Amino acid sequence: MIVLKTSRELSLMKEACVISAGALKTVGLAIEPGITTAELDRIAEEYIRSKGAVPNFKGYQGYPATACISINNEVIHGIPSKKRVLREGDIVSIDLGAEYMGYHGDNAATFAVGDVSPEAKRLMDTTRESLYAGIKAACPGNRIGDISNAVQSYVEARGYSVVRQFVGHGVGTHLHEEPEVPNFGKAGHGIRLMPGMTLAIEPMVNAGHYDVKVLPDGWTTVTKDGSLSAHFEHTIAITPDGPQIMTVAP
Ligand code: MF3
Ligand code: CO
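Along each chain, numbering runs from 1 in the same order as the chain's sequence is written. To label them, take the chains in the order written and letter them from A, then take the ligands in the order written and number them from 1. With pLDDT at 70 or above as the cut-off, local features in this predicted model cover only qualifying residues; side-chain atom pairs require 80 or more to be listed or tallied, and sums for whole chains, interfaces and linings still use all residues. Note that water and hydrogens are dropped before the side-chain values are worked out from all heavy atoms of the structure.

## Side note on the side chain of Ser-148
The cut-off we apply is this: Counting from the N terminus, the helices are DSSP H or I runs at least four residues long and the strands are E runs at least two residues long. Contacts between residues were defined by any pair of non-hydrogen atoms, one from each residue, lying within 4.5 Å.
Mapped onto the elements, Ser-148 comes out in helix H4 (residues 144-157). Those residues in contact with Ser-148 that lie beyond four places of it in its chain are Pro-182, Asn-183, Phe-184 and Gly-185.

## Here we look at the pattern of salt bridges
Two side chains of opposite charge can pair, provided their charged atoms sit close to one another. Just so we agree on the cut-off: Salt bridges are identified by distance alone: a Lys or Arg side-chain nitrogen within 4 Å of an Asp or Glu carboxyl oxygen. Exposure is judged per residue with a 1.4 Å probe applied to protein chains only, and the accessible area is read against the type maximum: over 50% gives exposed, under 20% gives buried, and values in between give partly exposed.
Scanning the entire structure with this criterion turns up eight salt bridges. Residue Glu-46 is joined to Arg-42 by a salt bridge in which the shortest nitrogen-to-oxygen separation is 2.5 Å. You can see Glu-46 and its partner Arg-42 sitting in helix H2 (residues 37-50), four residues apart, about one turn around the helix. Residue Arg-42 is classed as partly exposed on the basis of its relative accessible area, which comes to 39%. Sharing partners across several salt bridges, the network here consists of Glu-39, Arg-42 and Glu-46.

## Description of H2
Test applied: The span one expects for a helix is its residue count, reduced by one, times 1.5 Å.
The end-to-end C-alpha separation of H2 is 20 Å, in line with the 20 Å expected for 14 residues at 1.5 Å each. Looking at H2, one finds that the buried residues are Thr-37, Leu-40, Asp-41, Ile-43, Ala-44, Glu-45, Tyr-47 and Ile-48. Those residues of H2 that are buried lie in contact with helix H1 (7-30), strand E1 (54-55), strand E2 (67-71) and strand E4 (91-100). Phi for Gly-52, located one or two positions after H2, is positive at around 80°.

## Details of the sheet that holds strand E9 (residues 198-201)
Quick note on the threshold: We call two strands paired when DSSP finds no fewer than two bridges between them. A fitted line through C-alpha atoms serves as each axis, taken over the contacting stretch for helices, and the angle formed by two N-to-C directions is quoted from 0 to 180°.
As summarised here, the arrangement of the five strands in space is E8-E7-E9-E14-E15, forming an open sheet in which the pairing is antiparallel. The strands lining the two open edges of the sheet, one partner per strand, are strand E8 (177-181) and strand E15 (242-245). With strand direction ignored, the average angle separating the axes of adjacent strands in the sheet is 30°. Summarising the sheet, E9 and strand E14 (residues 234-239) pair through four bridges and their orientation is antiparallel. Considered in E14, the bridge of Leu-199 is made with Ile-236. On top of the sheet, H1 reaches E9, E14 and E15; it is set at about 160° to E14, its chief contact. Packed onto the sheet, helix H3 (residues 118-136) meets E9, E14 and E15 and runs at close to 20° relative to E14.

## So, the site of ligand 1
Counted only if it meets this: If even one non-hydrogen atom of a residue comes within 4 Å of a molecule or strand, that residue is called near it. Counting of polar contacts relies on pairs of N or O atoms within 3.5 Å, with two restrictions inside protein: one atom must be capable of donating a hydrogen and the other of accepting it, and residues adjacent in sequence are counted only when both atoms are side-chain atoms.
The environment of ligand 1 is made up of Phe-57, Tyr-60, Tyr-63, Cys-68, His-77, Asp-95, Asp-106, His-169, His-176, Glu-202, Trp-219 and Glu-233. Within the contact set of ligand 1, a nitrogen atom lies 2.5 Å away from a side-chain nitrogen or oxygen of Asp-95.

## Description of the pairing of E8
Examined bridge by bridge, strand E7 (residues 168-170) and E8 share three bridges and lie antiparallel to one another. Residue pairing across strands places Gly-170 opposite Glu-177, the latter belonging to E8. The turn linking E7 back onto E8 is made up of six residues.

## Side note on the sheet that holds strand E13 (residues 229-231)
Sheet architecture is open: three strands sit in the order E6-E10-E13, paired in antiparallel fashion. Strands with a single pairing partner mark the edges of an open sheet, and in this sheet they are strand E6 (161-162) and E13. The sheet contact formed by E6 and strand E10 (residues 204-206) spans two bridges and is antiparallel. The partner of Val-162 across the bridge, within E10, is Val-205. Sheet contacts for H3: E10 and E13; angle to E13, the most-contacted strand, approximately 35°.

## Focus: the nonpolar core
As a rule of thumb, nonpolar side chains are buried together in soluble globular proteins. Test applied: For this analysis, a nonpolar core means a set of buried residues of the types Ala, Val, Leu, Ile, Met, Phe, Trp, Tyr and Cys, connected via side-chain atoms within 4.5 Å.
If you look at the biggest cluster of nonpolar residues, it comprises 37 residues, and the most contacted ones within it are Leu-40, Val-92, Ile-94 and Leu-199. In contact with Val-92, not counting residues within four places along its chain, are Ile-31, Ile-69, Ser-70, Ile-71, Leu-86, Ala-109, Thr-110, Phe-111 and Val-113. One finds Val-116, Met-124, Val-162 and Val-205 within the second-largest nonpolar core, a separate group that totals 11 residues.

Structure follows, in structure tokens:
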């Protein structure tokens, strides 16, 4: 079932999303060579709780932390650790969200640690731009497949691949709601987009092949071919006037 939100619900949800975006921005500013992923996770949790919100990943299907922090060939769901130290030249994907007044926000971004290679930069730029291409297609009357196809064609035109085993999703009073929002698919296919829908669009883009595998910790997902991967995500609302990005930092 897809839940359409009223404007009152959307304004509550917007608060959860702004907290999520503020947390992501705050973690982003703390990224530097030498910091551990556990320290970044602590910064995220402290920010979210300081706003009276709750880290919505923590405890979700047993997930042990506030943020998913994934380095280089890690695609998503990296578990923060005191033993993981960021190094100059790494790229690091931070994915986190907050629950506030019963509503959820969810967002992600990939950051450079110090100076990174031109290839890593191009991968990050392409992934961010593909998210915006997907958001642009999220207009009432379009279909889910229009979002999917916009992301996929943007990415593949630049020689990269979109991950197939994980997808975006509806978001609202639960972190994950219907519908699924794949980052690949056919324009004109899938359910029709309607005002009041709230979606997390989140392209995961690999420099090499799209295949991924989950490590024995049960969470950390890496590229099968060892290539770099980037991830950007916004929570958006579909309004009569078009898509509105909800995860905007204060
Ligand atoms: N951030 C993921 C998503 O965007 C969810 C993370 S699963 C969790 O859908 F268990 F880590 F929370
Ligand atoms: Co998500």
